[in-house]
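# Survey of secondary and tertiary structure
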Amino acid sequence: MKSVTYIKCADQVVTMKGASHLPKKGNEMSEIGVIENGSIILENDKISFVGSDQEAAQYLESLNGAATTIEASGKIVTPGLIDPHTHLVFAGSREKELEMRLQGAKYIDILKQGGGILSSTRSTREATMEQLVEQASRRLDRFLQYGVTTVEAKSGYGLTVEDELKQLRAAKVLNSIHAIDLVSTFMGAHAIPAEYKDNPDAYVNLVIEEMIPVVAREGLAEFCDVFCEEGVFTVEQSEKILEAGKRYGLLPKIHADEIVRIGGAELAAKVGAVSAEHLLQASDEGIQALAESGTIAVLLPGTAFFLMEKPARARAMIDAGVAIAISTDCNPGSSPTQSMPFVMNAACLMMKMTPAEVLASATINAAHAIGLADRIGSIEVGKTADLVLFQASNYQTLQYNFAVNLVDTVIKNGKVVVQGGSLLGNFAASR
Ligand SMILES: N=CN[C@@H](CCC(=O)O)C(=O)O
Ligand SMILES: [Zn+2]
């Protein structure tokens, strides 16, 4: 039987209407399609009506059947938040590195000394796939409570064929058991593993010749990502890996210009990357190149916060016409958080993005960054019913009342999965 849900008279419905073909850039990022006193009707897992409450009542009558009503007065409704960049599946934690960094150690030097990503690689290699699923599903529960309904997840803590596959298979299991939808990215080029320290090119060959073909053959990822960084993968190595991924149908993404400006943004444009991530050090030329290639800048202000660095130049990017998405970068070393709302606050308060731009970055533009904008990221008829009801009477409050979780209700595929801020267990991970 068809289920009908009537979300009645929200103070605001933030629709993000009209950007399913191309991401919002420049001034478009401020056009977020707010309907005052708006209502939404869901039929099964799809949105079938968005508009004024009066029109909604008429539409409901035409359906001629019972509907479940969710009173939304005193709340706003947005599309489900989308996190387009996480390293969700890993074992272990690295709080000692925070202490080291507070005493002056640099994030990249900890990696060069065999810690950092390589420390998480050791723990992840030791874990079974079931243990990875168990640990990541708890993180997904938290994402859901923060209003996130879709998450991209990268591999990159295995760094052997088998361990990379183990991480990607864990993500596949999570996608099938958890309410949150996952999109997978292969990131075997996340670090040079210790056993290849003296022969990084041999590891690049392993990624290209063995890892990429098997990941593609097993259908375990949609995207291929590389940590293009001084002391990690060079621009040349990164290009080879991303081009190899493209030959196997894996769309390129790139961790670019995070710590040292080595031309990662320019490379992203050159290979036609879907997105370039981090970009703290991106040059004016790099930003211009991203604008021209239509590559989305996925900015990670929570990472800049946690690494105590200056964030990316979001305003310069918006002025140049680059489309921006934002993300938690959830990972054990540089951003151990699942809080999209906090990251949204950081985007506003550290990068001076307006509340409207922030919401566009966390919804429709994030959907574009993971290739799903035809299905999610906006509240439009025909789209998947992924929605968040926040305890707020206008969208600006989400950035004003900072570091507070204002999520009241989360609807995923037309079903309520968070109510009154609490997970409804039967929809969360089945553990
Ligand atoms: N910078 C590279 N990769 C991750 C961090 C991974 C880690 O430190 O474990 C990032 O995006 O921040
Ligand atoms: Zn990352």
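Residues numbered from 1 in each chain as written. Chains lettered and ligands numbered in written order. Predicted model: local features only at pLDDT ≥ 70, side-chain atom pairs only at ≥ 80, totals over all residues. Heavy atoms only, no water.

## With respect to the domain arrangement of the chain
- Here the chain is partitioned into domain 1 (4-79 + 378-423) and domain 2 (81-370).
- Each of domain 1 and domain 2 was reduced to a C-alpha centroid, and the two centroids are 29 Å apart.
- On the domain 2 side, the residues contacting the 37 residues of domain 1 number 33 residues.
- Interface of domain 1 and domain 2: buried area, both sides summed, is about 2700 Å²; carbon and sulfur atoms make up 68% of it.
- Contact with domain 2 buries area across many residues of domain 1, yet Met29, Gln399 and Lys412 alone supply 26% of it, more than any other trio.
- Remark: the boundary between domain 1 and domain 2 carries 1 salt bridge.
- With its nearest N and O atoms 2.8 Å apart, the salt bridge here joins lysine 412 to aspartate 181.
- In this assembly, domain 1 and domain 2 are joined by 11 residue pairs in polar contact (both at pLDDT 80 or more).
- Breaking the side of domain 1 that touches domain 2 down by element, the ones donating at least two residues are β5 (76-79), β14 (387-390), α16 (397-400), β15 (407-412), β16 (415-419) and β17 (422-423). (Domains from an automatic or database assignment. Contact = heavy atoms within 4.5 Å. Buried area = accessible area lost by both parts, 1.4 Å probe. Salt bridge = Lys/Arg side-chain N within 4 Å of Asp/Glu carboxyl O. Polar contact = N/O pair within 3.5 Å; in protein donor to acceptor, adjacent residues only side chain to side chain. Helix = DSSP H or I, 4+ residues; strand = E, 2+ residues; numbered from the N terminus.)

## Quick notes on the nonpolar core
- With 125 residues, the main nonpolar core has Ile241, Leu279, Leu299, Ile324, Ile326 and Met353 as its most contacted residues.
- The element that contributes the greatest number of residues to this core is helix α7 (residues 200-217), accounting for 9 residues.
- Summarising the domain contributions, this core has at least three residues from each of domain 1 (4-79 + 378-423) and domain 2 (81-370).
- Leave out the neighbours within four places in its chain, and isoleucine 326 touches Ile82, Pro84, Leu299, Met340, Val343, Met344, Ala347, Met351, Met353, Val358, Ser361 and Ala362.
- One finds Val13, Ile70, Leu389 and Val416 within the second-largest nonpolar core, a separate group that totals 15 residues. (Core = buried A, V, L, I, M, F, W, Y, C linked by side-chain atoms within 4.5 Å. Buried < 20%, exposed > 50% of the residue type's maximum accessible area, 1.4 Å probe, protein only.)

## Some points on the coordination of the zinc ion (ligand 2)
- Every protein donor of the zinc ion (ligand 2) is accounted for by His85 (NE2), His87 (NE2), His255 (NE2) and Asp329 (OD), and the metal-donor separations fall at 2.0 to 2.7 Å.
- Between consecutive donor residues of the zinc ion (ligand 2), the sequence gaps follow H-x1-H-x167-H-x73-D. Of this pair, histidine 87 sits in the loop between β6 (81-83) and α2 (95-102) while histidine 255 sits in strand β10 (residues 251-256); the two residues are 168 residues apart in sequence, bridging distant segments of the chain. There is no split in this pair, since histidine 87 and histidine 255 are both buried. (Donors = N, O, S within 2.8 Å, 3.2 Å for Na, K, Ca; no water.)

## Thoughts on the site of ligand 1
- Near ligand 1, the surroundings consist of 15 residues, among which Arg94, Tyr107, Tyr157, Asp329 and Ser334 are the closest.
- Note that an oxygen atom of ligand 1 is positioned 2.7 Å from one of the side-chain N or O atoms of aspartate 329.
- Surface burial for ligand 1 is 100%, taken as the share of its 330 Å² of free accessible area covered by protein chains.
- Residue composition of the shell around ligand 1, by class: 4 nonpolar, 8 polar and 3 charged. (Near = heavy atom within 4 Å. Areas by Shrake-Rupley, 256 points an atom, 1.4 Å probe, with all protein chains shown as cover. Nonpolar A, V, L, I, M, F, W, Y, C, P; charged D, E, K, R; others polar.)

## Some words on unusual backbone geometry
- One non-glycine residue, alanine 403, lies in the positive phi region at around 60°.
- For alanine 403, the position within the fold is in the loop between α16 and β15.
- Positioned with a positive phi, asparagine 413 is a non-glycine residue whose angle comes to about 50°.
- Secondary-structure assignment places asparagine 413 in the loop between β15 and β16.

## Structural notes on the packing of aromatic side chains
- In total, this model carries 5 aromatic pairs according to the counting rule given.
- Here the aromatic rings of phenylalanine 90 and tyrosine 157 are separated by 6.1 Å at their centres, their planes lie at 70°, and the arrangement is edge-to-face. Residue phenylalanine 90 is located in the loop between β6 and α2, and its partner tyrosine 157 is located in the loop between β7 (148-154) and α6 (161-177); the two are separated by 67 residues in the primary sequence.
- For tyrosine 157, a relative accessible area of 1% corresponds to the buried category.
- One aromatic cluster is present, formed by Tyr196, Tyr203 and Phe233 through successive ring pairs. (Phe/Tyr/Trp six-rings, centres within 6.5 Å; stacked < 30°, edge-to-face > 60°.)

## Thoughts on the UniProt feature "binding site: N-formimidoyl-L-glutamate" (unreviewed entry) in the chain
- Listed under "binding site: N-formimidoyl-L-glutamate" (unreviewed entry) in the UniProt record, and renumbered for this structure, are Tyr157, Asn331 and Gly333. Across 177 residues of sequence, these annotated residues stay compact in space, with a maximum C-alpha separation of 11.6 Å.
- Inspection of the secondary structure puts glycine 333 in the loop between β13 (324-326) and α13 (340-351).
- Leaving out residues up to four positions away in the same chain, glycine 333 has contacts with Arg94, Arg101, Tyr107 and Phe306. (UniProt positions renumbered as here; feature names shortened; annotations may be inferred.)

## Brief notes about the packing of helix α5 (residues 129-145) against α6
- Running from amino to carboxyl end, α5 crosses α6 at an angle of 50°, the nearest separation of the two axes being 9 Å. Relative to α6, α5 is oriented oblique. Remark: the crossing between α5 and α6 carries right-handed chirality. Counting all contacts with α5, which are made through Met129, Leu132, Val133, Ala136, Ser137 and Leu140, the residues of α6 involved are Lys166, Gln167, Arg169, Ala170, Val173, Leu174 and Ile177. (Axes fitted to C-alpha atoms, helices over the stretch in contact; angles between N-to-C directions. Parallel < 35°, antiparallel > 145°, perpendicular 65-115°, else oblique. Left-handed = near helix turned anticlockwise from the far one by under 90°.)

## Some details on helix α10 (residues 284-293)
- The complete set of buried residues in α10 reads Gly286, Ile287, Ala289, Leu290 and Ala291.
- Along its buried surface, α10 packs onto α9 (264-271), β11 (275-278) and α12 (314-320).
- Positioned one or two residues after α10, glycine 294 has a phi angle of 75°, which is positive.

## Considerations on the layout of surface pockets
- Computed from the structure, the largest pocket encloses a volume of approximately 340 Å³.
- Together, 19 residues line the largest pocket, and Asn175, Asp181, Leu182, Val183 and Glu222 are the ones closest to its centre.
- Counting residues per element, the ones that place at least two in the lining of the largest pocket are α6 and β8 (181-189).
- Its residues placed into classes, the lining of the largest pocket shows 8 nonpolar, 6 polar and 5 charged. (1 Å grid on protein atoms, 1.4 Å probe; cavity = no way out; pocket = protein on both sides within 12 Å on 5 of 7 lines; lining within 4 Å. Points joined across faces, edges and corners; volume = space filled by probe spheres on them.)

## Notes on the pairing of β16
- In this structure, β15 lies alongside β16, joined through 3 bridges in antiparallel fashion. Paired with isoleucine 411 across the bridge in β16 is valine 416.
- The antiparallel pairing of β15 with β16 creates a hairpin that spans 2 residues between the two strands, and asparagine 413 there sits at a positive phi of about 50°.
- Direction of pairing for β16 relative to β17: antiparallel, over a ladder of 2 bridges. Considered in β17, the bridge of glutamine 419 is made with serine 422.
- Hairpin connection from β16 to β17: 2 residues lie between these consecutive antiparallel strands, with glycine 420 at a positive phi of about 55°. (Pairing = 2+ DSSP bridges.)

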